[in-house]
Structure formats: C-alpha cells, structure tokens
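Chain and residue survey
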Amino acid sequence: MTGGRARRPDPDVAAAIGAEAEGFLLARSHWTEAHREARALCDRLPWLTTAQAEDLTHHYVDGRIALSRRMLAATVRRAEELREEYEARYLELRRRLLVRHAAWASATLACSAGVGSTLCTLFR
C-alpha cells in the first residue's frame, strides 16, 4: 500500500501518454472513416463479387491512410515553418523593444543628470 497517498504521474510522462492516446484515436477514426467510405463505394457497385469488394476496400483504405499521412506530414512541416517564422519575428521584436527601452532609459538618465547639474550650478 502507499500509506493513503496516491503517487502522481510525472507530468511529462502523462502528457506523452495523452498525446499517444490522442494520436491512436485520431488514426483509428481516419481508418474507420476510410472503411466507411470504401463500403459506401462498394455498395454503389453491386456487380462486384465479395472478393472484389474486399480488394477494392483494402486498396481504398490503404490509399486514404496514405493520403492522411501525407496531409498530416505536410501540416506538421508547415506548423514547424510557422513556428520558426514566429520565433524569429518574436526575437526581432523583442530586440527592438529592448533597444528602445535602453534608448529611453539612457535619454531619461541623461536628462535627469543634465537637470540635476543645472540645478546644482544655479543654486550655488
């Protein structure tokens, strides 16, 4: 027994398991949808024998799964490209903001020093 305390899973492990389960469910839904479409296609072709319908279903599902993989890979590539673009843009904006803040801080410090030295000179 754990003495009444339940161990919490590592958040990284839990996230990985969740992502894997989500991926499995997504792949399964694609396969199920492809199979449903293949059956609908075979139903519209009543002259097919059972073996021909099974063969057509097999080829159709394989083609749809390959298409889904290609589309997913293209989406992942584009997401990576966008992430890189956004990161580069963010770093550029951050750098510009830092330069502006440094310039304003320097100008404020210089003005304060100038006003302070002027006041010291005037009140001597």
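You'll find the structure just up there.
Residues numbered from 1 in each chain as written. Predicted model: local features only at pLDDT ≥ 70, side-chain atom pairs only at ≥ 80, totals over all residues. Heavy atoms only, no water.

**Observations regarding the layout of surface pockets**
What the largest pocket holds in volume is close to 280 Å³. Every residue lining the largest pocket is listed: Gly 23, Leu 26, Ala 27, His 30, Trp 31, Arg 64, Ile 65, Leu 67, Ser 68, Arg 69, Met 71 and Leu 72. Looking at the lining of the largest pocket, the elements that each hand over two or more residues are helix H1 (11–43) and helix H2 (50–122). Element by element, the count of residues in the lining of the largest pocket is highest for H2, at seven residues. Split into classes, the residues belonging to the lining of the largest pocket amount to seven nonpolar, three polar and two charged. (1 Å grid on protein atoms, 1.4 Å probe; cavity = no way out; pocket = protein on both sides within 12 Å on 5 of 7 lines; lining within 4 Å. Points joined across faces, edges and corners; volume = space filled by probe spheres on them. Helix = DSSP H or I, 4+ residues; strand = E, 2+ residues; numbered from the N terminus. Nonpolar A, V, L, I, M, F, W, Y, C, P; charged D, E, K, R; others polar.)

**Comments concerning H2**
Note on helix geometry: an α-helix contains 3.6 residues per turn, so any two residues three or four positions apart are oriented the same way. Look at H2: 105 Å from first C-alpha to last across 73 residues, which is about the 108 Å you get at 1.5 Å a residue. Burial in H2 covers these residues: Ala 53, Thr 57, Val 61, Arg 64, Ile 65 and Ser 68. Contacts from the buried residues of H2 go to H1. (Expected span 1.5 Å × (residues − 1). Buried < 20%, exposed > 50% of the residue type's maximum accessible area, 1.4 Å probe, protein only. Contact = heavy atoms within 4.5 Å.)

**Here we look at the pattern of salt bridges**
The final tally for this structure, using the stated rule, is eight salt bridges. For Glu 80, the salt bridge is made with Arg 83, and the minimal N-O distance between the two is 2.3 Å. Of this pair, Glu 80 and Arg 83 both sit in helix H2, three residues apart, which is roughly one turn of that helix. Owing to a relative accessible area of 34%, Glu 80 belongs among the partly exposed residues under this scheme. Looking at Arg 83, the relative accessible area reads 37%, which means it is partly exposed. (Salt bridge = Lys/Arg side-chain N within 4 Å of Asp/Glu carboxyl O.)

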